[in-house]
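# Chain and residue survey
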Amino acid sequence: MSRGLIVVGGGPVGAFAALTAALKGERVTLVDPRGVLGGAASRSAGVVTVQLEDPLDVRLVVRSIELIRSVSKSSSVRTGFLQIGREEDLSDSVEAMREAGVEHEVLTAEEIRERWPVFRVEGDLIGIFTDMDLSVEPPLLGGELGGVLASLGVEVIRQSVVSFTTDGGRIEGVVLEDGERLKHDGLILAAGSHNRELLLRLGIRLRTTVITCYAYKFDVGEELEVPSFSDELLHSYWRRWGTMMVGGGYDAEWADGPDYSAVEPPPQYVRRSMAMLRSRLNLSREPRYHSSLRGPCELTPDMEPYLGRLEGLGDVVLVGGLRGYGLMRGPALGELAYELLRSGRISSLNAEEMERLSPKRLIRSSKRSRVGGINNDVAV
């Protein structure tokens, strides 16, 4: 018996794909051992900004902000975002926002200091300000989103997928760790850094890499009335949440696979990020290190996400490669994955953009296990 649409992965992509489908009246089953936003997303910094360097990315984040705000009650704050740097270093972001139709302000160093006196900004720097951007607390958002999904009848199964059932190369269903087999009427594989392992067991080699990303929470002792911001000169990013400043210096390490451990980051990472924060803000007291955020990020060779079908797998859409930008790109990509699954096209993307996102560019080789000419269940 079919369980309707099955979504593998409860991160921003999978959760918002499930939400989109449920709002359309579909029967939806979401499978993830860590629940809704309980994996890498729960360990992310929570900065959501439109200030990226590609018009497609900007458009994705605009839609992600709309989707997050549709379910968020207390898990997000509209802080706006300020990008600080040299004019030439910010030009690509400015051009991308112009092409995407996003309003923004260009501020001098003096104008930044007048509007937000806590900032330290040298006279030769400028700022780009957008007002729609969010500071998000991912665990809180996961709780709110999980409640909305439950109210819409979405079944969340907190187990791993351990195998697929196949017929003639087509994926017919998934097998859970307790042995239960779920047939699907459409499948979205949105397991992030786990996608590579899932596909490898089908003989499909996905050219992606997993790294461990770090961010940090520092208690500054007061609630600063500042936007979230990035420092392109010192290469760091920050958002505010209560008395906390959350972010850091884009620290990351190569990993053999997804790392959800609680191991503390190298002390020099923390010291460097604290120094970056202090150099940009006039604080009334020394920041205090509170905690770190550590989780897996999936990278593609061209640093682009992937979204599309793979020939021969059947009614399946694959999406991932978010490069640590799960909350920024993920909700919109989840919505698009559902549209592609059900309609066979994405109305908001042109042919060039669809080709650019296609997962076919990441496939090394394809090989499936066959016995007597019939595809068998493949362990994952």
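What counts and how
The residue count restarts for each chain, going from 1 along the sequence in the order it is written. In keeping with the model being predicted, local features are shown solely for residues with a pLDDT of at least 70 and side-chain atom pairs are shown and tallied solely at 80 or more, while totals for entire chains, interfaces and linings include all residues. The basis for every side-chain value is the complete set of heavy atoms in the structure, and neither hydrogens nor water enter the calculation. Strands are runs of DSSP state E lasting at least 2 residues, helices are runs of H or I lasting at least 4, and numbering of each runs from the N terminus. C-alpha atoms define the radius of gyration, and 2.2 Å times the number of residues to the power 0.38 defines the globule rule. Burial classes: relative accessible area under 20% of the type maximum marks a residue as buried, over 50% as exposed, and values in between as partly exposed (1.4 Å probe, protein chains only). Contacts between residues were defined by any pair of non-hydrogen atoms, one from each residue, lying within 4.5 Å. The method behind every accessible area is Shrake-Rupley, applied with a 1.4 Å probe, and residues are considered shielded solely by the protein chains displayed. Remark: nonpolar core denotes a set of buried residues (Ala, Val, Leu, Ile, Met, Phe, Trp, Tyr, Cys) joined through side-chain atoms within 4.5 Å. Disulfides are defined as cysteine sulfur pairs within 2.5 Å. Convention adopted: a line fitted to C-alpha atoms gives each axis, helices being fitted over their contacting stretch, and angles between N-to-C directions are expressed from 0 to 180 degrees. Small angles under 35 degrees read as roughly parallel and large ones over 145 as roughly antiparallel, with 65 to 115 read as roughly perpendicular and the rest as oblique. Residue polarity is assigned by list, with Asp, Glu, Lys and Arg as charged and Ala, Val, Leu, Ile, Met, Phe, Trp, Tyr, Cys and Pro as nonpolar; anything else, Gly included, falls into the polar class. Two strands qualify as a pair provided that DSSP identifies no fewer than 2 bridges between them. To estimate the expected span of a helix, subtract one from its residue number and multiply by 1.5 Å.

### Quick look at the overall build of the chain
- Scanning the chain for helices and strands turns up nine helices and 26 strands.
- Since a compact globule built from 380 residues should have a radius of gyration of about 21 Å, the 21 Å found for the chain is in line with a globular shape.
- With the C-alpha coordinates aligned to their principal axes, the bounding extent of the chain is approximately 75 × 40 × 40 Å.
- In the chain, which comprises 380 residues, the share counted as buried stands at 56%.
- If you take every contact in the chain between residues at least 6 apart in sequence, the share linking residues at least 24 apart comes to 74%.
- When the accessible area of the chain is evaluated, it comes to approximately 16,100 Å², of which 47% is carbon and sulfur surface.

### Observations concerning the nonpolar core
- Counting 57 residues, the largest nonpolar core has V48, L145, I188 and L307 as the members making the most contacts within it.
- Here this core gets nine residues from one element, more than from any other, and that element is helix 8 (residues 326-343).
- With residues near it in sequence (within four places) discarded, L307 still touches V317, L318, V319, L333, L336, A337, I346, L357, S358 and P359.
- Core analysis: the next-biggest nonpolar cluster, separate from the first, contains 26 residues, I112, F129, F218 and V270 among them.

### Some details on the state of the cysteines
- For the coordinates displayed, the defined rule picks out one disulfide.
- The residue that forms a disulfide with C213 is C297, at a sulfur-sulfur distance of 2.3 Å. Of this pair, C213 sits in strand 15 (residues 209-219) while C297 sits in strand 20 (residues 288-299), and the two are 84 residues apart along the sequence.
- Taking the relative accessible area as the measure of exposure, C297 reaches 8% and is therefore buried.

### Concerning the packing of helix 2 (residues 55-71) against helix 8
- Where helix 2 meets helix 8, the closest approach of the two axes is 7 Å, and the angle between their N-to-C directions is 85°. Classified by the interaxial angle, the pair formed by helix 2 and helix 8 is roughly perpendicular. Contacts between helix 2 and helix 8 involve D57, L60, V61, R63, S64, L67 and I68 on the former and, on the latter, L327, M328, R329, G330, P331, A332, L333, E335 and L336.
- A per-class count over the contact of helix 2 with helix 8 returns ten nonpolar, two polar and four charged.

### So, the pairing of strand 18 (residues 244-248)
- Counted residue by residue, strand 18 has five buried out of five residues, so it is predominantly covered.
- The two faces of strand 18 match: M244, V246 and G248 on one face and M245 and G247 on the other face are all buried.
- The pairing of strand 17 (residues 236-241) with strand 18 spans five bridges and is classified as antiparallel. Bridge pairing in strand 18 links Y237 to G248.
- In this structure, the hairpin formed by strand 17 and strand 18 is closed by a connection of two residues, where G242 is found at a positive phi of approximately 60°.

### Points about helix 8
- The first and last C-alpha atoms of helix 8 sit 24 Å apart over 18 residues, in line with the 26 Å expected at 1.5 Å per residue.
- Among the 18 residues of helix 8, 15 are classified as buried, and the element is accordingly described as predominantly covered.
- Where helix 8 terminates, the next one or two residues include G344, which has phi positive at roughly 80°.

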